[in-house]
Each structure stands twice: as structure tokens, then as C-alpha cells.
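# Notes for the structure review
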Amino acid sequence: MPIVLGEEEIRERDVDTQALRVFLKALEILGGPRKLIELRNLTWVTSLMEAAYAIVLAEEAYKTEDDIAAFLGLTRQTVRNILRADPELVMMKLEGELQEKTPKAHTAGGLAKLAYREIKEGRDALVFFAGVIQEGARLLGVGWPAEVLTRLKGVRYPVSGAEVAERLRGLRVKDQDLGELAARRESYPHPREILHFLAEALRD
């Protein structure tokens, strides 16, 4: 029997797919995942993923700043900074900011906006990832935030560590089960906290 998807589910999956494309393109603009690994700066991954979702939710799903903030567990001001970022200005300042542990919202937002524009204009070849996007992302540990957010859809926050662990069980990055890592905390106030906790745990 073929699987029939409802209109809402199709729309949600399309947002997920678009956000992942924007994220990967932004990562490519940075210099590829190895650039972040060289800088020991994998905490950038979660900020870029959040920015990618924010841009796609605003541009493709026509969500408000409040809607996006609630979905990502960010403040409305942070979402506003992402959506109003100047891509050109960000690129001028990027090299210095790559040394920062966590990018400012406007930096991640500027990269995501630039990546989104490149994709919309047909320049989304993803040279760094051609032919090995999913496998490369899995091995290098850079594609997991999108899967985490997808698995956490419908969760009511704050959420217990046990529920997060159950939803993420079996999702492995760098030979570590994200469900087991998530279970180390009793609760999480919002998705952003989950992503940052997992990023730190994977780095350690």
C-alpha cells in the first residue's frame, strides 16, 4: 500500500527539506564542515540550523516572527535579528567572527539569507557535498540538527529528558546515540537548549 501524506505533512516535510538545503549551502559558504572542525567550532552548526529554519519559515511558509520564535525556542528579537541580517555585511566580517564560539544571530542569519538567495537563483550545486550529502553529513556530524528538530515536532515545552531521549533514540552521530546523550538532563525548556546541549556533548 502506498503511503498517502496529508497536505499539512507534505508542507512540513518541504520546510524541513528546504531548511536542510539552506543549512548545507550556508555550511558550504563557510568553507565546508571541515572548516568548523578545524576551528573546533561545531556550536556554529546549531546556530546555522536555527537561522536556516527561520529564513525558510519566513520566506516559504510565511510564518510571523512570533511563530518562528515559538517553533525554535528563540526570543522574538533573536528571530528579528536573523531575518533582518545583511548578507553582504556579514561576509565582510565573517573571517573574524569564525573564531567566536557561537555566532551572533545576525551572522548566522546573514549566512542563511545568502544561502537561500543562492538556492533561489539556481546556484545550489553544493560542490562540497555533491553525491555524498547525507553520508558526509552523518560521518562529519553536521546534519543531525535537522533530524533532531524533525523528531521533536509536536513536543510541548518544557519537555523531560526522558521524552527527548525516547524520540531521539537510534539517531547516532560520531558513534554516539543522541537519545542516550539527551537523557543526561532531566528537562529542556525549548528546542534551542536541546541542540546546544547535544552539540556540547558531541564536542566533548
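Refer to the structure presented above.
Read on for a plain summary of the structure. Values in this document were obtained by computation on a predicted structure and should not be read as measured data.

Along the polypeptide, Q77 turns up in helix 5 (residues 76-83). For Q77, a relative accessible area of 44% puts it in the partly exposed group. Along the backbone, Q77 and D66 are eleven residues apart, and their C-alpha atoms lie at a distance of 9.5 Å.

Attention shifts here to the packing of helix 9 (residues 144-151) against helix 12 (residues 191-203). Taken N-terminus to C-terminus, the directions of helix 9 and helix 12 make an angle of 140 degrees; their axes are 11 Å apart at the nearest point. Classified by the interaxial angle, the pair formed by helix 9 and helix 12 is oblique. Helix-helix and strand crossings are classified by hand; for helix 9 and helix 12 the assignment is right-handed. For the pair helix 9 and helix 12, contact is made by W144, P145, V148 and L149 and by P191, I194, L195, L198, A199 and L202, respectively. Tallied by class, the residues present in the contact of helix 9 with helix 12 amount to ten nonpolar, no polar and no charged.

Attention now moves to helix 10 (residues 161-168). Within helix 10, the full set of buried residues consists of G161, V164, A165 and L168. Burial along helix 10 is one-sided: seen end-on, the buried residues are contained in an arc of 100 degrees. Relative to its buried face, helix 10 has exposed residues pointing more than 90 degrees away, namely A162 and E166. Of the surrounding elements, those touching the buried residues of helix 10 are helix 9, strand 1 (159-160), strand 3 (176-177), helix 11 (178-182), strand 4 (187-188) and helix 12. Remark: G170 follows helix 10 within two positions and exhibits a positive phi of approximately 95 degrees.

Further remarks concern the nonpolar core. Grouped together as the largest cluster of nonpolar side chains are 54 residues, with contacts concentrated most on L48, W144, V148, L178 and L198. Residue contributions to this core peak at twelve residues, all from helix 3 (residues 43-59). Ignoring anything within four residues of it in the chain, the contact list for L48 reads F23, A26, L27, L30, A108 and L111.

This paragraph deals with the packing of helix 4 (residues 65-72) against helix 5. Where helix 4 meets helix 5, the closest approach of the two axes is 9 Å, and the angle between their N-to-C directions is 110 degrees. When the axis of helix 4 is compared with that of helix 5, the two are roughly perpendicular. For the crossing formed where helix 4 meets helix 5, the hand is right-handed. Of the residues in helix 5, those in contact with E65, D66, I68 and A69 of helix 4 are R76, V79, R80 and L83.

Applying the stated criterion across every chain yields a total of ten salt bridges. For R167, the salt bridge identified is with E163, shortest N-O distance 3.7 Å. Here E163 and R167 lie together in helix 10, a separation of four residues that amounts to about one turn. Relative accessible area serves as the criterion here: at 36%, E163 is assigned to the partly exposed category. Its salt-bridge partner being E166, residue R169 comes within 3.5 Å of it at the nearest N-O pair. Using a relative accessible area of 45% as the deciding quantity, one classes R169 as partly exposed. Note on E166: relative accessible area 52%, which makes it exposed.

Here is what the cut-offs are and how they apply
Residues numbered from 1 in each chain as written. Predicted model: local features only at pLDDT ≥ 70, side-chain atom pairs only at ≥ 80, totals over all residues. Heavy atoms only, no water. Helix = DSSP H or I, 4+ residues; strand = E, 2+ residues; numbered from the N terminus. Buried < 20%, exposed > 50% of the residue type's maximum accessible area, 1.4 Å probe, protein only. Axes fitted to C-alpha atoms, helices over the stretch in contact; angles between N-to-C directions. Parallel < 35°, antiparallel > 145°, perpendicular 65-115°, else oblique. Left-handed = near helix turned anticlockwise from the far one by under 90°. Contact = heavy atoms within 4.5 Å. Nonpolar A, V, L, I, M, F, W, Y, C, P; charged D, E, K, R; others polar. Arc of directions from axis to C-beta. Core = buried A, V, L, I, M, F, W, Y, C linked by side-chain atoms within 4.5 Å. Salt bridge = Lys/Arg side-chain N within 4 Å of Asp/Glu carboxyl O.

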